[in-house]
Amino acid sequence: MPNSIPVDKLARLIGTPGCPALLDIRTDEDVAAYPHLIPGAVRRPWADVAAWGGALAGRSAIVICRRGQKLSHGVAAWLRHAGVPAESLEGGTEAWRAAGLPMVPEATLPARDALGRTVWVTRARPKIDRIACPWLIRRFVDPAAVFLFVPPAEVEAVAERFGAAPFDIDGPDVFWSHRGPLCTFDVMLEEFCLGTEPLRRLAMIVRGADTARLDLAPEAPGLLAASLGLSRLYADDLAQLDAGMLLYDAFYRWCRDATDETHNWPTNRPKPGT
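Residues numbered from 1 in each chain as written. Predicted model: local features only at pLDDT ≥ 70, side-chain atom pairs only at ≥ 80, totals over all residues. Heavy atoms only, no water.

A description of unusual backbone geometry should follow, citing residues and the corresponding values.
For Asn-3, which is not glycine, the phi torsion reads 55° and is therefore positive. One can find Asn-3 in the segment before strand E1 (4-5). Located in the positive-phi region is Arg-125, a residue other than glycine, with phi close to 60°. With respect to the helices, strands and loops of the structure, Arg-125 is situated in the loop between strand E8 (119-123) and helix H6 (129-140). (Helix = DSSP H or I, 4+ residues; strand = E, 2+ residues; numbered from the N terminus.)

This is the structure:
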């Protein structure tokens, strides 16, 4: 179908830095009937596309409705009129669900700010979990999410004053934190219903590196070393987060696409100096 994208192709794009903007334009009634979002999708009112479409300048978009029919094709056409390359998801959320692909329960998302972003707060000077969790959120939950890094003693007060969700801190009332042997990344995978095989594999690496159980995965020591190295390279937490996004992009693509790939030096390579 012209100007449309199949479910399997979209599934390969989600979680990658080049994923288009995903726009869920289902009616309120359709969302109420199944209040879950395709990972990384943001809700937008279909009737107001002429007002918000211009904000997507410079990006491509995939428009999602319930069945991939009139609403998504109409909004995609409006976006193309505004100069935004846009496609409709074939079959909409019903086809996505029929394929058994994950969807994020909308009720698990923190309240959004006036600009429609989720806001999160944690301790300054992140190492592993506090970089892995923002990566997961931006790639699979809310691409526009805001992350505030503050002194440990101020996390809960900042959360209250600024409407932010605290994560990866100790406290009896902190929802997004370690639970038993699980690290915060594990908890987010569970609560956001994102337990795909590649993400579970990545979670094992993150847990091993974050909880000093390096035997959990052969890659855990490498992630620990890279994470500690980044923390020494960057004095600014947001700059470190930007660099860490690339690190986790690489680990995720390995978990998804390259776990069986090997790289062996030839046994007959010349000796140095020959």
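Pulling in residues and values, what's your account of the pattern of salt bridges?
The full count for this structure, using the stated rule, is 19 salt bridges. For Asp-113, the salt bridge goes to Arg-117, with nearest N and O atoms at 2.9 Å. One network of salt bridges, in which partners are shared, links Arg-12, Arg-253, Arg-256 and Asp-257. (Salt bridge = Lys/Arg side-chain N within 4 Å of Asp/Glu carboxyl O.)

Tell me about the nonpolar core, and name the residues and values.
Among the nonpolar cores identified, the biggest contains 56 residues, and Trp-120, Trp-135, Phe-185, Leu-202 and Tyr-248 are the most heavily contacted of them. For this core, the secondary-structure elements that each account for two or more residues are helix H1 (7-13), strand E5 (61-64), H6, strand E9 (146-150), helix H8 (184-191), helix H9 (197-210), helix H10 (220-233) and helix H11 (237-258). Looking at this core, the element that brings in the most residues is H11, giving 8 residues. Counting residues in each nonpolar core, the second largest holds 15 residues, with Ala-21, Trp-52, Leu-71 and Leu-79 among its members. (Core = buried A, V, L, I, M, F, W, Y, C linked by side-chain atoms within 4.5 Å. Buried < 20%, exposed > 50% of the residue type's maximum accessible area, 1.4 Å probe, protein only.)

Tell me what's going on with the pairing of strand E6 (residues 86-89), and back it up with residues and numbers.
Pairing of E1 with E6 involves 2 bridges; the strand directions are parallel. Bridge pairing links Ile-5 to Leu-89 in E6. Relative to E6, E5 runs parallel, the two sharing 3 bridges. Bridged to Val-63 within E6 is Ser-88. This β-α-β element, E5 to helix H4 (residues 70-81) to E6, shows right-handed connectivity. (Pairing = 2+ DSSP bridges. Right-handed = clockwise from strand over helix to strand, strands pointing away.)

Would you mind going over the sheet that holds E9 in detail, with residue names and values included?
With parallel pairing, 3 strands are arranged side by side in an open sheet as E9-E8-E10. Strands with a single pairing partner mark the edges of an open sheet, and in this sheet they are E9 and strand E10 (165-166). Relative to E9, E8 runs parallel, the two sharing 5 bridges. Each residue of the ladder has a partner; that of Trp-120, found in E9, is Phe-147. H6 contacts E8 and E9 of the sheet and is inclined by roughly 165° relative to E9. (Contact = heavy atoms within 4.5 Å. Axes fitted to C-alpha atoms, helices over the stretch in contact; angles between N-to-C directions.)

Requested: an account of H9, with residues and values cited.
If you check H9, its first and last C-alpha atoms are 20 Å apart, about what 14 residues at 1.5 Å a residue would give, namely 20 Å. Burial in H9 covers these residues: Pro-198, Leu-199, Leu-202, Ala-203, Ile-205, Val-206, Arg-207, Gly-208 and Ala-209. (Expected span 1.5 Å × (residues − 1).)

Which residues make up the sheet that holds strand E2 (residues 21-24), and what values do they have?
Read across the sheet, 5 strands follow the order E1-E6-E5-E2-E4 without closing on themselves; strand pairing throughout is parallel. Every other strand in the sheet has two partners, leaving E1 and strand E4 (41-43) as the edge strands with one partner each. Bridge count between E2 and E4: 3 bridges; the pairing is parallel. Opposite Leu-23, over in E4, you have Val-42 as the bridge partner. Here H4 sits on the sheet in contact with E1, E2, E5 and E6, set at roughly 170° to E6.

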